[in-house]
Amino acid sequence: MSIKVEVVPHDPNWCSAFETESKLIALALRDNVVAIHHIGSTAIPQIYAKPIVDMLVEVKDILKIDTHSSEIEALGYQAMGEFGIPGRRFFRKGNEAGIRTHHLHGFEVNSPQIERHLAFRDYMITHSEAAQEYSELKRKLAKKYPDNIQGYMDGKDGFIKAMDLKAAKWRSSH
């Protein structure tokens, strides 16, 4: 798969892009929505990120996302099903030029994936040294794998798993 791997400095507009998009998602999924969270690197200030806004929607019933996927597709998203993570509903969106701009991850309330994503984000926001280490790793990997998204993702995997463990410990002590 040949997707250009590019990481850029933090853009404060990512937060407003999340706010705008989350309101549209909430309207599309109606009363099934419990919460919508900004996750991933675009939610962590001061670090480099791929310029794709990651959103996590917590829903009461994961199957109801399927019944409303046409409303999400009407917002420009492509439905990808579980896309490798059981219990998830994944959607991706690009702009007019075909450049990816948003990822939407849907999980049912109480999914351990929700806690994992939020703990990672909050840990990174609170521990700037870990966030900077992550930022540097991403910049190195983007240089090493400019046309290999899988190589880039694989290169981050060990770091993310180690941070997930630290974040879970940190979260449970708060």
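Higher on the page you've got the structure.
The structure presented is a predicted model; accordingly, all values stated were derived computationally and were not measured.

Cut-offs and rules
Residues numbered from 1 in each chain as written. Predicted model: local features only at pLDDT ≥ 70, side-chain atom pairs only at ≥ 80, totals over all residues. Heavy atoms only, no water. Helix = DSSP H or I, 4+ residues; strand = E, 2+ residues; numbered from the N terminus. Rg over C-alpha atoms; globule rule 2.2 N^0.38 Å. Buried < 20%, exposed > 50% of the residue type's maximum accessible area, 1.4 Å probe, protein only. Contact = heavy atoms within 4.5 Å. Core = buried A, V, L, I, M, F, W, Y, C linked by side-chain atoms within 4.5 Å. Pairing = 2+ DSSP bridges. Phe/Tyr/Trp six-rings, centres within 6.5 Å; stacked < 30°, edge-to-face > 60°. Lys NZ or Arg CZ within 6 Å of the ring centre and 35° of its normal. Axes fitted to C-alpha atoms, helices over the stretch in contact; angles between N-to-C directions. Parallel < 35°, antiparallel > 145°, perpendicular 65-115°, else oblique. Left-handed = near helix turned anticlockwise from the far one by under 90°.

## Examining the overall build of the chain
Then step 1. Along the chain, the regular secondary structure elements total six helices and five strands.
Then step 2. Listing every helix and strand of the chain by position from the N terminus yields α-β-β-α-α-β-β-β-α-α-α.
Then step 3. A compact globule built from 174 residues would reach a C-alpha radius of gyration of about 16 Å, and the chain, at 16 Å, matches this within 12%.
Then step 4. Seen along its three principal axes, the alpha-carbon backbone of the chain occupies a region of about 45 × 40 × 30 Å.
Then step 5. Burial statistics for the chain: of 174 residues in total, 45% are counted as buried.
Then step 6. If you take every contact in the chain between residues at least 6 apart in sequence, the share linking residues at least 24 apart comes to 62%.

## Focus on the nonpolar core
Then step 1. Formed by 18 residues in total, the largest nonpolar core has its most connected members in Leu29, Val57, Ile65, Ile72 and Leu104.
Then step 2. Every element with two or more residues in this core is listed here: helix H1 (13-29), strand E1 (33-39), strand E2 (53-59) and helix H2 (62-67).
Then step 3. The biggest single contributor to this core is H1, with five residues.
Then step 4. The residues touching Ile65, leaving out its near neighbours within four places in the chain, are Leu29, Asn32, Val57, Val59, Ile72, Arg89, Phe91 and Gly106.
Then step 5. Counting 14 residues, the second largest nonpolar core, distinct from the first, contains Ile44, Ala119, Tyr134 and Met163.

## Looking at the pairing of E2
Then step 1. The element E2 is largely enclosed, with a buried count of seven among its seven residues.
Then step 2. Here E2 shows a buried face lined by Val53, Met55, Val57 and Val59 and a second buried face lined by Asp54, Leu56 and Glu58.
Then step 3. Note that E1 and E2 share six bridges and pair antiparallel. Note that in E2 the partner of Ile36 across the bridge is Val57.

## A closer look at the packing of aromatic side chains
Then step 1. Enumeration over the complete set of coordinates arrives at four aromatic pairs.
Then step 2. Ring geometry for Phe120 against Tyr134: centres 5.6 Å apart, planes inclined by 85°, an arrangement best described as edge-to-face. Of this pair, Phe120 sits in helix H4 (residues 112-126) while Tyr134 sits in helix H5 (residues 128-144), and the two are 14 residues apart along the sequence. In terms of burial, Phe120 and Tyr134 fall into one category: buried.
Then step 3. Ring centres of Tyr123 and Trp170 lie 5.7 Å apart, and the angle between their planes is 75°; this geometry places the pair in the edge-to-face category. Of this pair, Tyr123 sits in helix H4 while Trp170 sits in helix H6 (residues 149-172), placing them 47 residues apart in sequence. Each member of the pair, Tyr123 as well as Trp170, is classed as buried.
Then step 4. Following the ring pairs from residue to residue traces out a cluster consisting of Phe120, Tyr134 and Phe159.
Then step 5. Above the ring of Tyr134, the side-chain terminus of Lys138 is found at 4.8 Å from the ring centroid.
Then step 6. In this structure, Arg139 is placed above the aromatic ring of Tyr48, and the distance from its NZ or CZ to the ring centre is 3.9 Å.

## Remarks on unusual backbone geometry
Then step 1. For Arg30, which is not a glycine, the phi torsion comes out positive at approximately 50°.
Then step 2. Tracing the backbone shows Arg30 in the loop between H1 and E1.
Then step 3. For Arg30, a relative accessible area of 45% gives the class partly exposed.
Then step 4. Here Asn110, not a glycine, exhibits a phi torsion of approximately 75°, which is positive.
Then step 5. Among the secondary structure elements, Asn110 is positioned in the loop between strand E5 (100-108) and H4.

## Some points on the packing of H5 against H6
Then step 1. In contact at an axis separation of 9 Å, H5 and H6 are set at 165° when each is read in the N-to-C sense. In terms of orientation, H5 and H6 fall into the roughly antiparallel class. Crossing hand, H5 versus H6: right-handed. Here Ala130, Glu133, Tyr134, Leu137, Lys138, Leu141 and Ala142 of H5 lie close against H6, whose contacting residues are Tyr152, Gly155, Lys156, Phe159, Ile160 and Met163.

By themselves, these observations are geometric and do not establish any function.
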